[in-house]
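Structure at a glance
The residues making up each chain are set out below.
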Amino acid sequence: MKNSDKGRSLLARAIPLSPRGALSALILVVALVGVGGLAAGASPKTFQAGQPEGCAKPNRSMDLYAVELPRDRGQIRLGYGRTPETASYPGPTIEMMEGECLAITLHNQVPIETLTQLRAKPEYPLGVSLHVHGVKYTEQSDGTAHSNSFVPPGESRTYTWYAKKPDKRDGSPGTAGYWWYHDHVVGTPHGTQGVASGLFGAVIVRRPGDPKPAHTYVVAFGNQQTINLRRAPDTDTCDAHNPQPGPTCMVARQGERVEFVVISTGNDMHTFHLHGHAWANTRTGLLGKGDDNNTDSVPVIDNRTVGPADSFGFQVKAGDSVGPGHWMLHCHVQFHSDIGMTTTFHVLNKDGSMPPHDMTQPMAVTPSPSAS
Ligand SMILES: [Cu+2]
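What comes next concerns the included structure. Since we're looking at a predicted model, the values are computed, not measured.

**Quick notes on the sheet that holds strand E9 (residues 215–222)**
The strand order across the open sheet formed by four strands is E10-E9-E12-E17, and the pairing between neighbours is mixed. Edge positions in the sheet fall to strand E10 (226–227) and strand E17 (311–317), since each of these pairs with one other strand and no more. In the sheet, E9 pairs with E10 via two bridges, with the strands oriented antiparallel. Of the residues in E10, the one forming a bridge with Phe221 is Ile227.

Written as structure tokens, this is what we have:
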């Protein structure tokens, strides 16, 4: 018996009813059920108002700007940045700790003309958004046109992400891992042009006790055989004498802990391969430290396949037992690497100096054509 039915029958037994009395009772019951229904409906409404379950109040907040960047060989380029001036592709890596709740206010500064140009159909809305993998969020932070959670040109919107902890009581896993965020609105309702233009970045959720790396590098495999939307030689712009870490300069001193986050943003399958280094196929790439899965059954690998929207990451010690050098990092689908889906991980000497490098050898057979 439903609660409302139970209420009616209890009422009928309690009150001897005349026809008028029955009508009054009916009105009373309808009113009570109506109020109850409203109260029941109010709970999910409050829940949707921004905070995922377990995250009553964000304990950190940040701003993120979506802007248009200089074109690359005629291709529109967009980027996310902590400030408009520092926007890049990939966008900034966003780190969280399990248990943390993060409010991110996205400011859409991409010109409406550019969004219009990228739009596949006139009926699609104009805007940018922030959609994230792996962590928890309500529908209002989904970052889709479908849920009306995108940012029209010139406007801002706050998204709330929650890095849930594992729950031993019900066996549910936490959110620690290597994830990514991206636009879901530009061009099509799936953000196909937003992602292709550069609106994506890595998300790292750490578990308390995880080792912290000295450097984190994002390797985003994209359409048209690109790494971070570029092809060699544009994938590696390290200065030979004074290399500065960045999206196109992967560098570390020998012995430093380096973290790679690999993301597949396009339509193709790729295989990530790093020369001279291997890692355990665990959540962190490590065994024993910062990982629960410390067994011999975990394979050690130096090559891993990613399909569209997959992401993974790992940590290695730069030059571990192989020393300084210029280690290739590439997609191992042969024709992908042949046309430029390759870059270099430079492991410097311990004093920070660059080991000898024969820069006369071209890294890609063909020059870098336009890529998107
Ligand atoms: Cu590939």
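**A look at the side chain of Ser197**
Position of Ser197 among the secondary structure elements: in helix H4 (residues 192–197). If we skip the residues at most four places from it in the chain, Ser197 touches Ile76, Arg77, Leu78, Leu118 and Leu229.

**What about the nonpolar core?**
Core analysis: the largest hydrophobic core is formed by 29 residues, its most contacted members being Leu106, Val128, Leu130, Trp161 and Tyr181. At the level of secondary structure, the elements contributing two or more residues to this core comprise strand E1 (60–72), strand E2 (75–81), strand E3 (94–97), strand E4 (101–108), helix H3 (112–118), strand E6 (156–162) and strand E8 (200–206). Aside from chain neighbours lying at most four places away, what touches Leu106 is Leu64, Tyr65, Ala66, Tyr80, Val128, Ser129, Leu130, Val151, Glu155, Ser156, Arg157 and Tyr159.

**Observations regarding the sheet that holds strand E19 (residues 342–348)**
Read from one edge of the open sheet, five strands run E11-E19-E18-E13-E16, paired in mixed fashion. One side of each edge strand has no neighbouring strand; the edge strands of this open sheet are strand E11 (250–253) and strand E16 (303–306). Taken pair by pair, the neighbouring strands of this sheet meet at an average axis angle of 20°, ignoring direction. Where strand E13 (residues 270–274) meets E16, four bridges bridge the pair, whose relative direction is antiparallel. Its bridge partner lying in E16, Thr271 is registered against Thr305.

**Considering the pattern of salt bridges**
By the definition in use, this model includes eight salt bridges. For Asp234, the salt bridge is made with Arg73, and the minimal N-O distance between the two is 3.1 Å. With Asp234 in the loop between E10 and E11 and Arg73 in the loop between E1 and E2, this pair connects stretches of sequence that are 161 residues apart. In this structure, the salt-bridge partner of Asp210 is Arg283, at a minimum N-O distance of 2.9 Å. Of the two residues, Asp210 is situated in the loop between E8 and E9 and Arg283 in the loop between strand E14 (279–280) and strand E15 (300–301); the sequence distance between them amounts to 73 residues. Shared partners join several salt bridges into a network, and the residues in it are Asp72, Arg73 and Asp234.

Calculation notes
Residues numbered from 1 in each chain as written. Predicted model: local features only at pLDDT ≥ 70, side-chain atom pairs only at ≥ 80, totals over all residues. Heavy atoms only, no water. Pairing = 2+ DSSP bridges. Helix = DSSP H or I, 4+ residues; strand = E, 2+ residues; numbered from the N terminus. Contact = heavy atoms within 4.5 Å. Core = buried A, V, L, I, M, F, W, Y, C linked by side-chain atoms within 4.5 Å. Buried < 20%, exposed > 50% of the residue type's maximum accessible area, 1.4 Å probe, protein only. Axes fitted to C-alpha atoms, helices over the stretch in contact; angles between N-to-C directions. Salt bridge = Lys/Arg side-chain N within 4 Å of Asp/Glu carboxyl O.

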